[in-house]
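# Commentary on secondary and tertiary structure
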Amino acid sequence: MSRRPATRNRPQEAAGAAVAKAAKPAVTVRHYCQGIGDCHLLSLPTPDGSLFRMLIDCGVHVSIKGGPALVADIVADIKKATDGGKIDVLVVTHEHWDHVSGFLTSKDLFAGFDVKEVWMAWTENPADQQAVELDKFKGSALTALQGVSQRLDAAQEPTAHLAGIRDGLQSVLGFQFGAAGEKVRAARDAAASLSKTKPTYLEPGKPPLSIKVLPNLRIYVLGPPRDKAALRLEEKAGEMFPLASGGPFTRALAAGLKMNDGAGDANYIDELSPFERHVGTELSAALNGDKGSDPRIDIGAFVREHYAGPVSHPAPTEDPDQAWRRIDADWMGIAADLALQLDRGVNNTSLVLAFEFTDSNNVFLFPGDAQIGNWLSWKDLKWQLEQTTVTTADLMARTVYLKVAHHGSQNAMPQKQGIDLLTSTDLSAFIPTNKDDAKKVRWHEMPYDAILTALAAKTNGRVIRADDKWLGDKNGKPAFAAPSGSIRAVRHAPRDAARGEGGLWVEVDLA
């Protein structure tokens, strides 16, 4: 290859070439805007001019109307944008429906893709003993929650408390199942099967990953943690919903369900019941007129009068219908605690990747749905490289682009070990959330106002949300200027009219 000789009489041409070189993005990220769900396509230029493509997740929450059809549009767009579906690395962050459903519902479309590698967290590794233990907890908890959900769905006029638990369970179970009952495990496995090679399972503390055709890139794995305590944390460092106590919760729910179905094991029930098994009269028997074993007391009449229906001669201030006294279904209330453990535990198993570009020292952070426990587990991580030591605080300080975790919820990131460490003046962010969609499933603070305010200040307004109105207008523009901060350019595409209002995707060139 011949080299053109340098010239001194073309300063404008040299300056223009320098600007063009400086303007070349380190990565182009196409974020898809399905409402509640994640799907991100990264295109990284290689030295030979080709593009290295990485796809992170592809799913939508079951509550999104027309979600599978929208995801099919997304998969079709990914195929078009990647020369027929050429994906170098597919990253599956964690096992939740809104991150992996597309691999199952659009399985036929993905069948034509050429996926070279699949990356997952260690928590998905069937050969990892700790992952197997976690999987057993998830399986038993999910079975118990399904049973409670079905019973509450069938309940006649549940109390306001139980109705709230029923609605909350439906929301949590939406992360585990599709509208047709498909299981999230099948969707995760469909993603893994897209590559001819077995998945690579990643965990924190290992040397950063390198990619041969991207010599200027190092990828650090920050999470999920190995520490069980970190997986337990929910909202604050001092508030814990331990996975360890998921065992008793699961057993209590399972025992209650078996007892109510008449299939309980006496020894199993006795461990959890406050009364001996032989003491008392079954509620169903009393409601059917059983007088009980004591001839001096008509248990059936007592229950009907004071527990299950209208009072024959109520006092002037007494509610004539005493059904409000019933607590026979309140044992299902512990399902709320178990649901929290399952949901937060799975989110804390999110694979978290930090992309460091060695030529600029800039870092792009993709934390999946990591919540507080996952975030707090990173703080002491460090990597010893040839000439320096890299710490998590250092990576955070150099982060110029953030894919906001867990749809920007209150638990999406901590303050001291999260937002406060993001000190780059070039910081920009994307939040994969539609607030109206979140409200439909009773997530009224997603995204969380305090996090939005903090991010707006940290980024000087360079925050893009999946529900930004301008994304639905082909001539729309963000409120911030581009280039600005880490964002060199912004492009977007509205949805097809048949899929409703809003954007299909927004794409940013990042420096």
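Data block above holds the structure.
Let us look at the structure shown here. (Residues numbered from 1 in each chain as written. Predicted model: local features only at pLDDT ≥ 70, side-chain atom pairs only at ≥ 80, totals over all residues. Heavy atoms only, no water.)

### A word on the overall build of the chain
- Counting its regular elements, the chain contains 18 helices and 17 strands.
- Across the 511 residues that make up the chain, the buried fraction comes to 48%.
- Total accessible area on the chain stands at roughly 24,700 Å², and carbon and sulfur atoms take up 52% of it. (Helix = DSSP H or I, 4+ residues; strand = E, 2+ residues; numbered from the N terminus. Buried < 20%, exposed > 50% of the residue type's maximum accessible area, 1.4 Å probe, protein only. Areas by Shrake-Rupley, 256 points an atom, 1.4 Å probe, with all protein chains shown as cover.)

### Considering the pattern of salt bridges
- Applying the stated criterion across every chain yields a total of 19 salt bridges.
- For the salt bridge of Asp-394 with Arg-398, the shortest nitrogen-to-oxygen distance reads 2.8 Å.
- Each of Arg-30, Asp-77, Arg-491, Glu-507 and Asp-509 takes part in one network of salt bridges that share partners. (Salt bridge = Lys/Arg side-chain N within 4 Å of Asp/Glu carboxyl O.)

### A look at the packing of aromatic side chains
- For the structure on display, the rule yields seven aromatic pairs.
- Relative to Phe-366, the ring of Phe-355 lies with its centre 5.8 Å away and its plane at 85 degrees, an arrangement referred to as edge-to-face. Placement of Phe-355 in strand E9 (residues 352-357) and of Phe-366 in strand E10 (residues 362-366) is noted, with a sequence separation of eleven residues between them. This pair shows no difference in class: Phe-355 is buried, exactly as Phe-366 is. (Phe/Tyr/Trp six-rings, centres within 6.5 Å; stacked < 30°, edge-to-face > 60°.)

### Topic: the sheet that holds strand E6 (residues 200-202)
- The eight strands lie next to each other as E6-E5-E4-E3-E2-E1-E17-E16, forming an open sheet whose pairing is mixed. Of all the strands in the sheet, the pair left with one neighbour each is E6 and strand E16 (487-494). Across the sheet, the mean angle separating the axes of adjacent strands is 20 degrees when strand polarity is ignored.
- Where strand E5 (residues 114-121) and E6 come together, three bridges link them in parallel fashion. In the sheet register, Met-120 faces E6, and the bridge partner there is Tyr-201.
- This element, helix H8 (residues 184-192), spans strand E4 (86-92) and E5 of the sheet and lies at about 130 degrees to E5. (Pairing = 2+ DSSP bridges. Axes fitted to C-alpha atoms, helices over the stretch in contact; angles between N-to-C directions. Contact = heavy atoms within 4.5 Å.)

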